[in-house]
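Listed below, chain by chain, are the residues.
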Amino acid sequence: MSLAFLPGALEQGLLWGPMVLGVYLTFRVLDFPDLTVDGCFTLGAATAARLILMDQDPLLATLVAVLVGALAGLITGFLHTQLKIAPLLAGILTMIGLYSINLRVMGAANLSLLRIDTTITKIENAGLPEQFAAGVLGIAVCLLVLFLLYIFLQTELGLAIRATGDNEQMIRSLGVNTNTTKMIGLALANALCALSGALVAQYQSYADIGMGIGMIIVGLASVIIGETLIGNPTLLRALIAAIIGSIIYRVVIATVLQMGLPSTDLKLLTALIVTVALAFPVIRSRYSSSLPFLGKGEVRARRQ
Amino acid sequence: MLDVNNVTKIFNRGNINEKVALTGLSLHLDPGDVVTIIGSNGAGKSTLLNVVAGVFPIDKGEILIEGRAVHKEPEHVRAAYIGRVFQDPNLGTAASMTIEENLALALRRGNRLGLRRGTGKKRRELFRERLKLLGLGLEDRLTTKVGLLSGGQRQALTVIMATIAAPKLLLLDEHTAALDPKTAQTVLELTEQVIAQEQLTTLMVTHNMEQALRVGNRTIMMHEGRIILDIKGAKRQNMKVSDLLQMFEKASGKTFANDRMLLSN
Ligand SMILES: Nc1ncnc2c1ncn2[C@@H]1O[C@H](COP(=O)(O)OP(=O)(O)OP(=O)(O)O)[C@@H](O)[C@H]1O
Ligand SMILES: [Mg+2]
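Residues numbered from 1 in each chain as written. Chains lettered and ligands numbered in written order. Predicted model: local features only at pLDDT ≥ 70, side-chain atom pairs only at ≥ 80, totals over all residues. Heavy atoms only, no water.

**With respect to the confidence of the model for chain B**
Note the following rule: The predictor attaches a confidence to each residue, and that confidence, scored 0 to 100, is pLDDT.
The predicted model of chain B averages 91 in pLDDT, with 97% of residues at 70 or higher. Scoring of the predicted complex yields 0.89 for pTM and 0.89 for ipTM.

Shown next, in the form of structure tokens:
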């Protein structure tokens, strides 16, 4: 089997990395299953692509995409905290609404960025060999996001956001308005997701209305793979695990494609990976006596 | 310090499950008062603490802290001046966060949270100093996740968290009831020590009659949403648990029934 797919998988893992961190932030840190992600990823891609086609600086276009993504997160937050809509439904409502908005932003079902200057071509123009440009961009973005997120989650505000997901009653009894912390967490997570969308659009040279479908499952799969392989004993390790998980997920996908799986079956495969990962603690506890190699039979809470 | 004036709290109003938990209850606390609260199951003890803390709104009456009406303020606003410890050790701490991170949040109780690092060098110093009071060695485990601590250790930490930011009022709801007797004793001693040191005005619900008479300077007994006995001063000093039970029976016409009641230990 040729390993020629590896660099590509690595690039993808890195460029999708911020999205995975966003999913980690909502699902794990905030304990808020946020489905805005699907629409928000496309929103980031659509916004960046449209702005780039309008001759805006690609970096500026990416930045605007990030801000618009944060706004989408705030809408989900508003639906949940002010209108008391359950988290899952609040996210779905925003996601569905975003479908129409994304079409409006793009003005078409897809936009091509072929032969147009993007952040990636800019890096190439700065003198970097073409085959490294996307990888370098991915590494730079992931390191920056990782660093900022790590610092932020240790600030007073960051601690309050983490405590909101861990023990809402406790943090409220300490005088924190958990509506605010949820809004900030959701804005941040969706900003990261839109960042990935914007970068991926520039990487693939197109934005498409369907490119975000199933993104939440891709994010979850990556988070779970990272947790299983790297673990999360400390905050830093948990954040790094999310990025590594993203890369490994892409390698796995590329490998099975290489082995001949039609690409149309990818979503089914991803759903299966997540199902098995989510079911693992249950399976282990139920069958640990007959299958001792599965380890200690104890259903642990997913979040530590 | 604390004025509860004529407060009524009704759960499930207008519904078949309607329950009057507090019936026109009034209570006045002077600064530095440490009041123990006893009463049968369902007497409204927890409800009293919850309405003071703002967990749910009241139906009638008013609540003042240092003369300021607080009963319309949401819980997170009132939390600025109220420290709480719950019965369940899991409720007072965030398990996935470290000891120092929990303390950092407690230290900033009621303040605007900013982008400052939660656990700087100076703060760690303070945390260590406070944790030393416990004598549990937690001062050397600042970066341990709280989820790894025992129930007693967590509850002791919660007491430190509830008092580290000098609250105006401390609310304790059977905070040693879920602990084994020895740990319960340690946590109670620590609580008394901190209360004395910081001169905290305190409401402490307990099911232990002997403790109720020994801790603090005043004991109130609740029954069916009312205060039926209020004992302080010289009368309280010479009182025995049996006297207290007798007084309860006289005042309520019922025998005292609390499934967690301990007459002595
Ligand atoms: N959230 C609630 N919703 C409905 N009813 C409630 C609620 N909280 C308390 N009650 C009812 O109010 C009454 C007083 O309850 P409360 O918890 O204050 O009693 P308590 O004195 O703390 O009793 P215990 O000794 O069992 O802790 C009880 O009848 C209880 O069922
Ligand atoms: Mg109670």
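Back to the text.
**Describing a nonpolar patch on the surface**
For the record, the criterion: Residues form patches when they are more than 30% accessible in relative terms and have no salt bridge. Like charges link within 9 Å. Nonpolar side chains (Val, Leu, Ile, Met, Phe, Trp, Tyr) link within 5 Å. To be clear on the numbers: accessible area is Shrake-Rupley with a 1.4 Å probe, and residue cover counts the displayed protein chains and nothing else. Salt bridges, as used here, are contacts in which a Lys or Arg side-chain nitrogen is within 4 Å of a carboxyl oxygen on Asp or Glu. Helix numbers and strand numbers start at the N terminus; a helix is a DSSP run of H or I with at least 4 residues, a strand a run of E with at least 2.
Residues Leu89, Ile92, Leu93 and Ile96 of chain A make up a contiguous nonpolar surface patch of roughly 340 Å² in combined accessible area. By secondary structure assignment, the location of Ile96 of chain A is in helix α5 (residues 87-106).

**Digging into the confidence of the model for chain A**
Basically, it comes down to this: Whether two residues are in contact is decided by their heavy atoms, any of which lying within 4.5 Å being enough.
Considering every residue of chain A, the mean pLDDT works out to 92; 94% of them sit at 70 or more. For the stretch residues 296-304 of chain A, pLDDT sits under 50, and the model shows 21 contacts to residues farther than four places along the chain or on other chains.

**Concerning unusual backbone geometry**
Residues and elements named next belong to chain A. Applied cut-off: For the exposure calls, accessible area comes from a 1.4 Å probe over protein chains only, and a residue counts as buried if that area is under 20% of its type's maximum, exposed if over 50%, partly exposed in between.
The phi torsion at Lys84 lies on the positive side, around 60 degrees, for a residue other than glycine. Summarising the element assignment, Lys84 is placed in the loop between α4 (58-81) and α5. Accessibility expressed as a relative area gives 63% for Lys84, which makes it exposed. Of note in the backbone geometry, Arg115 takes a positive phi value of approximately 55 degrees without being a glycine. Summarising the element assignment, Arg115 is placed in the loop between β1 (110-112) and α6 (119-125).

**Considering the interface of chain A and chain B**
Keep this limit in mind: Summed over both partners, buried area is the accessible surface (1.4 Å probe) that two parts give up on being assembled. Whenever a nitrogen or oxygen atom comes within 3.5 Å of another N or O atom, the pair is scored as a polar contact, on the condition that within protein one atom can donate a hydrogen and the other can accept it, and that pairs from neighbouring residues in sequence are kept only if both atoms are in side chains. Three classes are used, and their members are as follows: Ala, Val, Leu, Ile, Met, Phe, Trp, Tyr, Cys and Pro are nonpolar, Asp, Glu, Lys and Arg are charged, and the others, Gly among them, are polar.
Taken residue by residue, the interface counts 23 residues in chain A and 31 residues in chain B. Here chain A packs against chain B, burying approximately 2400 Å² in sum over the two surfaces, 56% of which is carbon and sulfur. Along the contact surface separating chain A from chain B lie five salt bridges. Residue Arg162 of chain A pairs with Glu101 of chain B through a salt bridge whose shortest N-O separation is 2.9 Å. The interface formed by chain A and chain B includes 17 residue pairs in polar contact (both at pLDDT 80 or more). Elements with a contribution of two residues or more to the side of chain A that touches chain B: α8 (156-166) and α9 (168-173) of chain A. If you tally residues by element for the side of chain A that touches chain B, the top one is α8 of chain A, at seven residues. Residues of the side of chain A that touches chain B, tallied by class, amount to 10 nonpolar, nine polar and four charged.

**Structural notes on the nonpolar core**
The following threshold applies: Think of a nonpolar core as a cluster: buried Ala, Val, Leu, Ile, Met, Phe, Trp, Tyr and Cys residues, connected wherever their side-chain atoms sit within 4.5 Å.
Ranked by internal contacts, the top residues of the largest apolar core, which has 74 residues, are Met19, Leu21, Val23, Phe41 and Leu239 of chain A. Formed by 43 residues, the second largest nonpolar core is a distinct cluster that contains Met170 of chain A together with Val34, Leu107 and Leu142 of chain B.

**Notes on the environment of Thr118 of chain A**
All names here are of chain A. Looking at the secondary structure, you find Thr118 in the loop between β1 and α6. Note: C-alpha distance between Thr118 and Ser205 (87 residues apart in sequence) is 8.4 Å. The contacts of Thr118, once residues within four sequence positions are left out, are Pro58, Leu113 and Gln202.

**Details of the pattern of salt bridges**
Scanning all chains against the criterion turns up 19 salt bridges over all chains. Between Arg172 of chain A and Glu75 of chain B there is a salt bridge; the shortest N-O distance is 3.5 Å. Here Arg172 of chain A, found in helix α9, pairs with Glu75 of chain B, found in helix α2 (residues 75-78), and the two come from separate chains. Among the charged side chains, a network of salt bridges with common partners joins Glu156 of chain A together with Arg108, Arg116 and Arg123 of chain B.

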